[in-house]
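Report on the structure
Single-letter residue listing:
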Amino acid sequence: MIIKMFSKIFKEKYYPEIQSLLEKKISVTKQQIERTLEKDKFELEDVYLLLQTYNNSNLRDLVIKTAIKKREKLWKNRLFLVPPLYVTNRCVNDCLYCPWRKSNPIQRRVLNSEELKKEIDFLIKQGYRTIELVGASDPIFTAEKTAEFVNITKNELNRVGGGKVGLNFESALKEDYLKFVKAGLHFMVLWQETYHPETYKKIHPTNTQKADMDYRLDSFDRAILGGLERVSIAFLGRLYDWKYEVLALFTHGRYLEETYKISPFIIGTPRWRYAKGCVIKKNPYDYPDEAWLLTAAIYKLAFPKSLPWFSTRERFELSEEAARG
């Protein structure tokens, strides 16, 4: 079977459709939103209509309350805690929004296998049974070394009855994902950063693999073709207009469902914040709390089986509110 990769479909189909929708100037009615919320499956225009409730607090609350009910029915208010285990902060990229960028003179640290085991042991003693390995684009971590770290983590978890291993690394080749899955990888996390081509090019100035937006967009195609069934999507809020990003992310999730019969395993909700060493000093775009909460609700409605991902980057009280719906 010949598969048309997401980057090509995004350029040819989704990007023009999103631009066309955003050029519309419409005011939604309560009846429109109620009809949309009754649907079991959303189309791109449905998500656009839900986004238009942002400036109407009553309609926005209706969307959020509906998402809360849907979540409670499906997940029974369960939460899943996943600690990130950072294994390297060495990086070949120079992303303008990131303090790990190559040009930033910070202290670099790379764990060896024995240090990794100690960190895993600490997390296991805290009660964790799902561990996410996190690293920058570090050339030391070849496919073989990454697979080794995945396998070490899996084996350590197996000693206490088993667990799940996630990977938050630079995008890899299909052949590499075959190795990771064989080593025990359960899921991957990879944020697109932004789905806007001009912005993506601007904030990734160096000629590295990550600077190739098409390669990044096709990451999940390669992972799934490599045998991984759980992939996790997100954009990094505040790098570009949040309404555009939500629509683009929706097309990515729907593409995975239609092409591979796989819903996103996790949908992230990160918002950019300044850290020492970032080239960007202030928020390029606004993405207020109310918009962030509405976005989380739309994810619940559009992809009810996907897990929304909230992090300690946000205030605890705000994440607690978002987790409800």
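Quick caveat: nothing in here was measured; it's all calculated off a predicted structure.

Looking now at helix H12 (residues 289–302). Along its 14 residues, H12 runs 20 Å from first to last C-alpha, staying within 8% of the 20 Å computed at 1.5 Å per residue. Counting buried positions along H12 yields 12 of 14 residues, so the element is predominantly enclosed. Buried within H12 we find Ala291, Trp292, Leu293, Leu294, Thr295, Ala296, Ala297, Ile298, Tyr299, Lys300, Leu301 and Ala302.

In this section: the layout of surface pockets. With a probe scaled to a water molecule rolled over the atoms, the places where space remains empty come into view. Taken as a whole, the second largest pocket encloses approximately 330 Å³ of empty space. In terms of residue class, the lining of the second largest pocket is made up of 11 nonpolar, 7 polar and 4 charged.

Another point: the sheet that holds strand S1 (residues 84–88). Reading across the sheet, the 7 strands line up as S1-S2-S3-S4-S5-S6-S7 and stay open at both edges, with parallel pairing between neighbours. Each edge of the open sheet carries a strand with a single partner, namely S1 and strand S7 (307–309). Sheet twist, expressed as the mean angle between neighbouring strand axes with direction ignored, is 25 degrees. Relative to S7, strand S6 (residues 266–268) runs parallel, the two sharing 3 bridges. Residue Ile267 lies in a different strand from S7, and its bridge partner there is Pro308. Contacts between helix H5 (residues 113–125) and the sheet are confined to S1 and strand S2 (130–135), with S1 contributing the most and set at about 170 degrees to the helix.

This paragraph deals with the pairing of S2. In terms of burial, S2 is a largely internal element, 6 of the 6 residues being buried. Residues Thr130, Glu132 and Val134 line one face of S2 and the alternating positions Ile131, Leu133 and Gly135 line the opposite face, and both faces are buried. By the bridge criterion, 4 bridges tie S1 to S2 in an arrangement that is parallel. Directly across from Tyr86, in S2, lies its bridge partner Val134. Chirality of the crossover, the property in question, places the unit of S1, H5 and S2 among those that are right-handed. With 5 bridges joining them, S2 and strand S3 (residues 164–168) adopt parallel strand pairing. Pairing of Thr130 across the sheet is with Lys164, part of S3. Note on the crossover from S2 through helix H6 (residues 143–158) to S3: the handedness is right-handed.

Attention now moves to the packing of helix H3 (residues 44–51) against H12. Contact geometry of H3 with H12 gives a least axis separation of 10 Å together with a crossing angle of 150 degrees. Classified by the angle their axes make, H3 and H12 are roughly antiparallel. Our pair here, H3 against H12, has a crossing hand that is right-handed. Between H3 and H12, the residues in contact are Val47, Leu50 and Leu51 and Leu294, Ile298 and Leu301, respectively. Looking at the contact of H3 with H12, its residues break down into 6 nonpolar, no polar and no charged.

What follows deals with helix H13 (residues 316–324). Residues of H13 that are buried include every one of Leu318, Ser319, Ala322 and Ala323, and no others. The buried side chains of H13 occupy one side of the element, clustering within an arc of 135 degrees when seen end-on. Lining the buried residues of H13 we find helix H4 (57–75) and H12.

Looking now at empty space enclosed by the protein. For the structure on display, the rule yields 1 cavity of 30 Å³ or more. The volume enclosed by the largest cavity comes to roughly 30 Å³. Considered class by class, the residues forming the lining of the largest cavity number 5 nonpolar, no polar and 1 charged.

Another aspect to go through is the pattern of salt bridges. According to the stated counting rule, one finds 22 salt bridges in the structure shown. The salt bridge involving Lys210 is made with Glu193; its shortest N-O contact spans 3.0 Å. Of this pair, Lys210 sits in the loop between helix H8 (197–203) and helix H9 (213–217) while Glu193 sits in the loop between strand S4 (187–189) and H8, placing them 17 residues apart in sequence. For the pair Lys210 and Glu193, one class covers both residues: buried. Between Glu257 and Arg254 there is a salt bridge, with its nearest N and O atoms 2.2 Å apart. Taken together, the residues span about one helical turn, with Glu257 and Arg254 both in helix H11 (residues 242–260) at a distance of 3 residues. Across the pair, Arg254 and Glu257 agree in class, each one buried.

What counts as what
- Residues numbered from 1 in each chain as written.
- Predicted model: local features only at pLDDT ≥ 70, side-chain atom pairs only at ≥ 80, totals over all residues.
- Heavy atoms only, no water.
- Helix = DSSP H or I, 4+ residues; strand = E, 2+ residues; numbered from the N terminus.
- Expected span 1.5 Å × (residues − 1).
- Buried < 20%, exposed > 50% of the residue type's maximum accessible area, 1.4 Å probe, protein only.
- 1 Å grid on protein atoms, 1.4 Å probe; cavity = no way out; pocket = protein on both sides within 12 Å on 5 of 7 lines; lining within 4 Å.
- Points joined across faces, edges and corners; volume = space filled by probe spheres on them.
- Nonpolar A, V, L, I, M, F, W, Y, C, P; charged D, E, K, R; others polar.
- Pairing = 2+ DSSP bridges.
- Axes fitted to C-alpha atoms, helices over the stretch in contact; angles between N-to-C directions.
- Contact = heavy atoms within 4.5 Å.
- Right-handed = clockwise from strand over helix to strand, strands pointing away.
- Parallel < 35°, antiparallel > 145°, perpendicular 65-115°, else oblique.
- Left-handed = near helix turned anticlockwise from the far one by under 90°.
- Arc of directions from axis to C-beta.
- Salt bridge = Lys/Arg side-chain N within 4 Å of Asp/Glu carboxyl O.

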